[in-house]
Structure formats: C-alpha cells, structure tokens
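Secondary and tertiary structure notes
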Amino acid sequence: MPTYQQFPLPDAGEGLTEAEIVAWHVAVGDRVEVNQTIVEIETAKSLVDLPCPWTGVVTRLLVTEGTTVEVGTPIIEVDTDPDGAPAPGAPADGAETQGGVRAHQPHPDRSSAEPGGADEVEASRPEPEAGEKPGAVLVGYGVADGASARRPRTTAAPAGPAGTTPTNAPAPVTPATGARPGAATPAAPRASAAPGRPTATTTAPAPARTGTGRALAKPPVRKLARDMGVDLDAVAATGPGGIVTREDVLAHSVRADGRDLATYPGDDRPWLASGTVTPDGRQTRVPVKSVRKRTAEAMVASAFTAPHVTVFHTVDVTRTMKLVERLRGDREFADVRVTPLLIAAKALLLAVDRHPEINASWDEAAQEIVFKHYVNLGIAAATPRGLVVPNIKDAHRLDLLGLARGLGELTATARAGRTSPTDMSDGTITITNVGVFGIDTGTPILNPGEAAILAFGAIRQQPWVHKGKVKPRHVTQLALSFDHRLVDGELGSRVLADVAAVLADPAQALVWG
C-alpha cells in the first residue's frame, strides 16, 4: 500500500514566516533519499537548500517555482513505500507498472507549469490516508554524494499520426533546451540540477513543429510570451529545429499591435527575471520580496527609529598601503586575500576594544541598553540578490591572519548567495566598503540592532602635506554613523579618530593591542 507523506515548508531560521520556491532539484517520479537536497528556497535573508526527510519516490510537487508560500504549507509529496503492495484500484495486469507501483508520468515542462497542472496532481493516485501528519522537521543541510537518479520508466501513449505527439501524453524534456521532441520516447534518467553537480548533457536535435503539437520554446521565452499575452502556438518559429525564439515572440507582437521591439529590454537582465511586462512593453513590474523586501523594511525601521549622526575623517593611509603590499608577499598570508579593508577591520576592532560603550544596542521593549561583551563584525556585501550583512563571529578574538580568513570566507559565501540566516544574525558593529565602487564616502544607515557603522571610502593618490612638503600620498575618507540614543558626539568622534590613527600608522596597533 503506497504511503504518501507531504513535506511542509519548515522555518529556515529566526522565525521567518515565508519563503519563495526558487528551484526544484527533483521531479515527479524521482527517487529521493533522506537528507538529499530537493529544493532551493529564498527567505528574506538567504538562499537555503532543503533536504528531504524521507526515502521514497516523488509523487507531486505542490508548489511551482517562483511562488512564495508560508511556513507550514505542504510543498512536496513523497511515496515512502513505493515498492509495497499495490493499492486497491491499482492498474490491472498488462498495465504499465514498475516494481508493483504505477509508473509515474514524466515530469512536464516545469518552467511553464501553472497551478493545477500535470506536475502537481497525479489523477490516478489515491489521496493520503486519514491520520497522516506531515512532518516539518528539517533533517539537515547535507547534500548527498552524486546526482539523484530518476527511476527508469517509460511513457505509455496511444499511437498518433507520424511525427506528432499525442495531446494526452506528456513528452520528455530535452535537457539542453527544455523543448519537447515531437514523438513520445522513454525518458532517460535525469541528474539533479543542484549547483555544482553534474547534469545530463545528452541532447537530440529538436524536430520542426508540425502544427499539431505544442510550440517548442525555452522557459524565458515562454515567460516572455505569457507576460506579453502572446499565444506561442500562433508564433512563426525561426529557431533551430522549430524552436520559438525571443525575437519571434517580439516580432509577432509587433505585427499584432505595432509595439516597438526596442521597448522591451530582453530576458538577459537578471533583475527583471521575476517581473511582469506591461501590455505596452515599456515597463517591467517586479514584486518586492525576499532580501529586497527585508532590506527595505529594516532600513526604514532603522532610519526612522534610531536618530542617526555621521562624523567624517580624511586620513593619509600611505603606510597602510605599504603594509598591505608587505603582507601580500608574506608566506603566512599566501593563502588569503589581503586588502586595505582587512586593516580597516582590525582598526575598528581595536577602537571598539578601547571604547566598548559603542558596542551596544537599544532594547525599546525593555527600555534597556544592551552592552555586548563580544564583537560580531558585520561586512556589508552587495550580491545579485541585494545587500546582505553577514558577520564574523567573535571577531575580537581573531589575530590579523584569522581575520583575513574570516573575511575571505564571508565574502565568498555571500557572492555565492549561500549566506545563512545564522551568519547574518546578532551583528554588533558593521563596516561598509563603499570604496570598492570608487565612492569617496557616504552616510551609511545603521544595521538594525547596532549602534554604529563605518563607511570605508576609495583610496586615491592626492597631493598631501607630509612633513611640511606637498607630496602625492594615498588618502581615503572615513565616515562613522551612530545611534545618538546610545552614542554621543564625543564617543563617536573618539572611535573614528582611533580607526584613522591605526590606518595612518599601523604600528599604533602594537601600542593598543
């Protein structure tokens, strides 16, 4: 008797209430194992891989990619006893079965699936037995070794006219293009699409459309057609093998109502991928969600809750630049990236050690000031998903080499979009390196729950009075924003002056360290 289990979306961390389904790594009919990654979700803080809590066969994907669902909503259904005895009403002898279980239909084109489509409901599958309780336990984040192989199966389809696909039998997807061949063929085992894991590469030339089957098009083109209200079956295909291209859709739209081809910027801009094109093709409306939504809420709350004050300092960092060059040639620092930001981070840590009152937060509910006896140093990082602020835990305990390694790991994880909610929680003070964009300085907004944030500007060679003479020197600007409820002007100025002193003469760190 098949046993169907539904997996509710778990809380990925810090009490977050919702998440977006970014990409499924399994399809209907795939065999899965405990702790195998089945789906990638995006919370308000990070991308998270969810593992499967059971071993079995995927019977339904209950939520399509790109959908935001609340925690506790079932997202996938798994048959945890696929090789058990057939259920009442199982197919009769001669019907296509595998291991005593009805063969699952090949997973349809997930990119174009709509709610209620074939990939969500298998009509012949009985509903879960009464009393079954879905488990919301997050088993772990380990990725199983190797790719997840789909259970071998064949597609039973009535014969149709030569060169066409029967309308009631889904055809397998060609891995390289997402297009369906014109005739029903057995579906080959498909490798999981998890990042960094091998995927199937065998392809077959796509046959030309015959006019009786579904139009062939890649997922971005299908999305463009949906957004513009274009019927793909009515578009003249010019792509190889009869595939409808983006240009075909736009050209069809122009012929239909005279829209300008140049008004739509194309599907090669990732920040537009989740948006909807307006009927005239002149705008794309993108929903505010996930990291962008959380960042906006946090910044508004911070700006209108904590009274911000910013102080500035221009400093000669020529000696810091010489130290950076020396460290880059040091054998001990050979496996880490040494930048001026590393010295700035160490300078800030020393300043916090000398003025620990700045390492605090304001508890409005309890009407208390919370002084932290540890420093979780936040580094603002710009990523394709938006601004994130992961932090180096207990950075005050690290020497310069340990701090360099912490910065390297933090940066690599953030750029890969794999920063976890834990990495971004409990920060105490932050640095934002605006200089990497060539910006001299700014007035940074506090990370919520922190008392100060340091902006580190671009380092430029400028005329500077040094030892009574005008010489070209490396100069930068620092800006420290702080919460005036916690930090008065004197404390903020002293902290910034200490940071500047170490950057001007790194040997000062030996005196204070």
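So, here is what we can say about the structure in this document. (Residues numbered from 1 in each chain as written. Predicted model: local features only at pLDDT ≥ 70, side-chain atom pairs only at ≥ 80, totals over all residues. Heavy atoms only, no water.)

1. What about the sheet that holds strand β2 (residues 18-24)?
Read across the sheet, four strands follow the order β5-β4-β2-β7 without closing on themselves; strand pairing throughout is antiparallel. Taken across any chain shown, the strands that pair with only one partner, and hence form the sheet edges, are β5 (47-51) and β7 (68-70). Averaged over all pairs of adjacent strands, the angle between their axes in this sheet comes to 40°, without regard to strand direction. Bridging between strand β4 (residues 37-42) and β5 involves five bridges; their strand directions are antiparallel. Each residue of the ladder has a partner; that of Ile41, found in β5, is Val48. (Pairing = 2+ DSSP bridges. Helix = DSSP H or I, 4+ residues; strand = E, 2+ residues; numbered from the N terminus. Axes fitted to C-alpha atoms, helices over the stretch in contact; angles between N-to-C directions.)

2. Looking at the pattern of salt bridges
The tally for this structure, following the rule as stated, stands at twelve salt bridges. One salt bridge connects Arg60 with Glu77, and the closest N-O pair in it is separated by 3.2 Å. Of this pair, Arg60 sits in strand β6 (residues 56-61) while Glu77 sits in strand β8 (residues 74-79); the two residues are 17 residues apart in sequence, bridging distant segments of the chain. Exposure class is identical for Arg60 and Glu77. Each is buried. Each of Glu40, Asp49 and Arg418 takes part in a single network of salt bridges with overlapping partners. (Salt bridge = Lys/Arg side-chain N within 4 Å of Asp/Glu carboxyl O. Buried < 20%, exposed > 50% of the residue type's maximum accessible area, 1.4 Å probe, protein only.)

3. Thoughts on the side chain of Asn359
Mapped onto the fold, Asn359 is located in the loop between α5 (340-354) and β16 (360-363). Apart from the residues lying within four places of it in its own chain, the contact partners of Asn359 are Val352, Val370, Phe371, Lys372, Tyr374, Val375, Thr428 and Ile429. (Contact = heavy atoms within 4.5 Å.)

4. Section: the sheet that holds β8
Two orientations exist for strands paired in a sheet by backbone hydrogen bonds: parallel and antiparallel. If you walk across this open sheet you meet the four strands as β1-β8-β6-β3, and the pairing is antiparallel. Strands at the two margins of the open sheet, each flanked by one partner only, are β1 (4-8) and β3 (31-32).

5. Looking at the packing of aromatic side chains
Within the structure shown, the criterion is met by one aromatic pair. An angle of 80° between the planes, with centres 6.0 Å apart, marks the rings of Phe7 and Trp54 as edge-to-face. Residue Phe7 is found in strand β1, and its partner Trp54 is found in the loop between β5 and β6; the two are separated by 47 residues along the sequence. In this pair, the class of Phe7 matches that of Trp54, namely buried. Against the face of Trp512 rests Arg354, its NZ or CZ located 4.0 Å from the ring centre. (Phe/Tyr/Trp six-rings, centres within 6.5 Å; stacked < 30°, edge-to-face > 60°. Lys NZ or Arg CZ within 6 Å of the ring centre and 35° of its normal.)

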